[in-house]
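# Descriptive structure summary
Each chain, letter by letter, is given below.
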Amino acid sequence: GSRGTNVFDIVTRKIVANYDVGSDVFDSTIVNRTVVAHAPDASPHCIKLFDIRGGNSSYPALHGHTDTIWSLQTSASGNEILSSGKDGTAMIHDLRTGKPTLTIAASTSGIRSAIFAGDQQQYVVTGARDFTVKIWDTLSGSLHRTHSVGQSG
């Protein structure tokens, strides 16, 4: 099998493209005809972008995480990617510049997921391995609220 991420035609249910990131892909999504993928054990820890129309990577990789990236989400505008990972950070990357616009150091135990929230996506909500959910302001990067969700099992 191939290592990477596949794009499927939803009508024919056939693979129409495969993007090799050099490792098994942990998460991927599509934004404005761009496949966004990351491999958990790739070094350096980065997010790779592939143009669906061209097949090859035509954008610079998005850097900033220092360990495994665990989640990706796109903004409603499609201009930003929110990522989170084992390094305890959540990052908003501007797809137009390839640069991070906000880095939130949210947890020393790693952030399993991060999502945009609010009508204007003015918040980022992070879920960490330390069983906390935190709400962050996307403009200032400041912590708005913390909730402890307890331990499982």
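Residues numbered from 1 in each chain as written. Predicted model: local features only at pLDDT ≥ 70, side-chain atom pairs only at ≥ 80, totals over all residues. Heavy atoms only, no water.

## Quick look at the pairing of strand β12 (residues 132-137)
Strand direction decides the pairing type here: strand β11 (residues 123-128) and β12, joined by five bridges, are antiparallel. Its bridge partner being in β12, Val124 is matched across the sheet by Trp136. The loop that links β11 with its antiparallel partner β12 comprises three residues; one of these, Phe131, has a positive phi angle of about 65°. Of the strand pairs in this sheet, β12 and strand β13 (residues 143-148) are connected by five bridges, and their pairing is antiparallel. Note that in β13 the partner of Val133 across the bridge is His147. If you look at the hairpin formed by β12 and β13, you'll find five residues sitting between the two strands, and Gly141 has a positive phi there, around 80°. (Pairing = 2+ DSSP bridges. Helix = DSSP H or I, 4+ residues; strand = E, 2+ residues; numbered from the N terminus.)

## Quick look at the sheet that holds β11
The four strands lie next to each other as β10-β11-β12-β13, forming an open sheet whose pairing is antiparallel. Every other strand in the sheet has two partners, leaving β10 (111-117) and β13 as the edge strands with one partner each. Averaged over all adjacent pairs, the angle separating strand axes in this sheet is 15°, with direction ignored. By the bridge criterion, six bridges tie β10 to β11 in an arrangement that is antiparallel. Looking at the pairing, Ile111 lines up with Ala128 of β11. (Axes fitted to C-alpha atoms, helices over the stretch in contact; angles between N-to-C directions.)

## Details of the nonpolar core
With 11 residues, the main nonpolar core is built from Leu82, Ala90, Ile92, Leu102, Ile104, Ala106, Ile111, Ala114, Phe116, Val124 and Trp136. In terms of residues, this core owes the most to one element, β10, which gives three residues. Beyond its immediate sequence surroundings of up to four residues, Val124 is in contact with Leu82, Ile92, Ile104, Ala114, Ile115, Phe116, Lys134, Ile135, Trp136 and Thr138. In this structure, Ile47, Leu49, Ile81 and Leu95 belong to the second largest nonpolar core, which totals seven residues. (Core = buried A, V, L, I, M, F, W, Y, C linked by side-chain atoms within 4.5 Å. Buried < 20%, exposed > 50% of the residue type's maximum accessible area, 1.4 Å probe, protein only. Contact = heavy atoms within 4.5 Å.)

## Remarks on the confidence of the model for the chain
Overall, the predicted model of the chain reaches an average pLDDT of 76, with 63% of residues at or above 70. Looking across the chain, the model is least confident in strand β3 (residues 27-31), with a mean pLDDT of 52, and most confident in β12, with 94. (pLDDT = per-residue confidence, 0-100.)

## Regarding the side chain of His93
Residue placement: His93 occurs in strand β8 (residues 89-94). A polar contact of 2.9 Å, which involves the side chain of His93, links it to the side chain of Ser83. Beyond its immediate stretch of four places on either side in the chain, His93 contacts Ile47, Leu62, His63, His65, Asn79, Glu80, Ile81, Ser83, Lys99, Pro100 and Thr101. (Polar contact = N/O pair within 3.5 Å; in protein donor to acceptor, adjacent residues only side chain to side chain.)

## So, the side chain of Ser107
In this structure, Ser107 sits in the loop between β9 (100-105) and β10. The class for Ser107 is buried, based on a relative accessible area of 10%. Within polar-contact distance, the side chain of Ser107 engages the side chain of Ser109 at 2.8 Å. If we ignore the near neighbours within four places in the chain, the residues touching Ser107 are Asp87, Gly88, Ala128 and Asp130.

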